[in-house]
Amino acid sequence: MRKFIALSFLFIITALCACKTQKETAANNVTWKKVKVFVYTKNGKGYVHDNIASAARCIQELGAQNGFAVDVSDDPAKFNDDNLKQYNALIFTSTNNDVFDNDAQKLALMHYIEAGGGFVGIHSVTGTERNWPWFKRLVGGTFERHAKHQPFTEIIIDHNNPSTSFLSNTWKRDDECYYTKEINPDIHVLMVHDLSTVDDKGKPVIYGNTFPSVWCHEFDGGREWYTSLGHDSATYKEPEFRKHITGGLQWVLNKQKPLDYSKAHAKSPNDPLPY
């Protein structure tokens, strides 16, 4: 009898867990045909990645495969309330240094996020607008430096996110190992660099022998996902990396409601931060 009760209890727990998993999987479904994204590729003075064309083309191809619309531009004048209202998410891919011409363009980005917009950052986006505190909080931190380009291992610490759910516990990469400073304390880390596999004399120790590399969070009304990976143009042809980006966009769009600009309250790019 005790064995029967124990087995019955185990069955109930297993069934409940299965139901929860099914609900989480269902919650990740996105109606892609209703999605439109804006890919921004602007670079300010300084280093410009040669991966930008490949990354933009990758996202256009993902749009064609999944049924969502994609606009690509490096024109900061596109950042105005009327234009951004048409998009479900903004994707900054390897933007770097100052990418806006004036405060009005920065305010348009703030208003979009406050209204509930989505944001995806790829690779050097942490090196964008390094003197703008709000943007650094949105992205999750700001670029400090990277180790030399080399093979190393990523450790997946959260498999529940669609950008990591298809990966095993580790992911072998040949890329730049990014280090970030001024990290937003509210980020949810999905993946970390395994620093024991990185050849670099100046490895940070604040996270021990690991360092955050991929994360997501909700910030100031919007949702944000970031990956530090993606330095090489060829990376954007890799099926796993394309799933990684698609999953990040999927998480950003999950639970998204129609934009509500009545919640857009920013008056200046230098408004006090939420925390």
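These numbers come from a predicted model, not from an experiment.

Draft legend 1. How the structure looks around the side chain of Asp200. For Asp200, the location among the structural elements is in the loop between β9 (188–194) and β10 (210–219). Here Asp200 falls in the buried class, since its relative accessible area comes to 16%. Of the polar contacts made by the side chain of Asp200, one reaches the side chain of Tyr179; its length is 2.8 Å. Discounting residues that sit within four places of it in the chain, Asp200 has contacts with Arg145, Ala147 and Tyr179.

Draft legend 2. Geometry of the pairing of β10. With respect to burial, β10 is a largely interior element, eight of its 10 residues being buried. In terms of strand pairing, β9 meets β10 through six bridges, oriented antiparallel. Within the sheet, the bridge partner assigned to His193 lies in β10 and is Phe211. In this sheet, strand β11 (residues 222–227) lies alongside β10 in antiparallel orientation, the contact comprising six bridges.

Draft legend 3. Representation of the packing of aromatic side chains within the structure. Taken as a whole and judged by the stated rule, the model has 22 aromatic pairs. Taking 4.9 Å as the distance between ring centres and 55° as the angle between the ring planes, the aromatic pair formed by Phe143 and Tyr178 counts as tilted. With Phe143 in strand β5 (residues 142–146) and Tyr178 in strand β8 (residues 178–181), the pair connects residues that are 35 residues apart, well separated along the chain. Taking relative accessible area as the criterion, Phe143 reaches 16% and is therefore assigned buried. Note on Tyr178: relative accessible area 3%, which makes it buried. Between Trp215 and Tyr226 the ring centres are 4.9 Å apart and the planes differ by 40°, which places this aromatic pair in the tilted class. Pair noted here: Trp215 is in strand β10 and Tyr226 is in strand β11, with a separation of 11 residues, a long-range link.

Draft legend 4. Just the packing of helix α2 (residues 52–66) against helix α6 (residues 239–253), in detail. For the pair α2 and α6, the least separation of the axes is 11 Å and the interaxial angle reads 75°. It follows that α2 is roughly perpendicular to α6 by the angle criterion. Contact residues: Cys58, Glu61, Leu62, Gln65 and Asn66 in α2; Arg242, Ile245 and Thr246 in α6. For the contact of α2 with α6, the residue count by class is three nonpolar, three polar and two charged.

Calculation rules
- Residues numbered from 1 in each chain as written.
- Predicted model: local features only at pLDDT ≥ 70, side-chain atom pairs only at ≥ 80, totals over all residues.
- Heavy atoms only, no water.
- Helix = DSSP H or I, 4+ residues; strand = E, 2+ residues; numbered from the N terminus.
- Buried < 20%, exposed > 50% of the residue type's maximum accessible area, 1.4 Å probe, protein only.
- Polar contact = N/O pair within 3.5 Å; in protein donor to acceptor, adjacent residues only side chain to side chain.
- Contact = heavy atoms within 4.5 Å.
- Pairing = 2+ DSSP bridges.
- Phe/Tyr/Trp six-rings, centres within 6.5 Å; stacked < 30°, edge-to-face > 60°.
- Axes fitted to C-alpha atoms, helices over the stretch in contact; angles between N-to-C directions.
- Parallel < 35°, antiparallel > 145°, perpendicular 65-115°, else oblique.
- Nonpolar A, V, L, I, M, F, W, Y, C, P; charged D, E, K, R; others polar.

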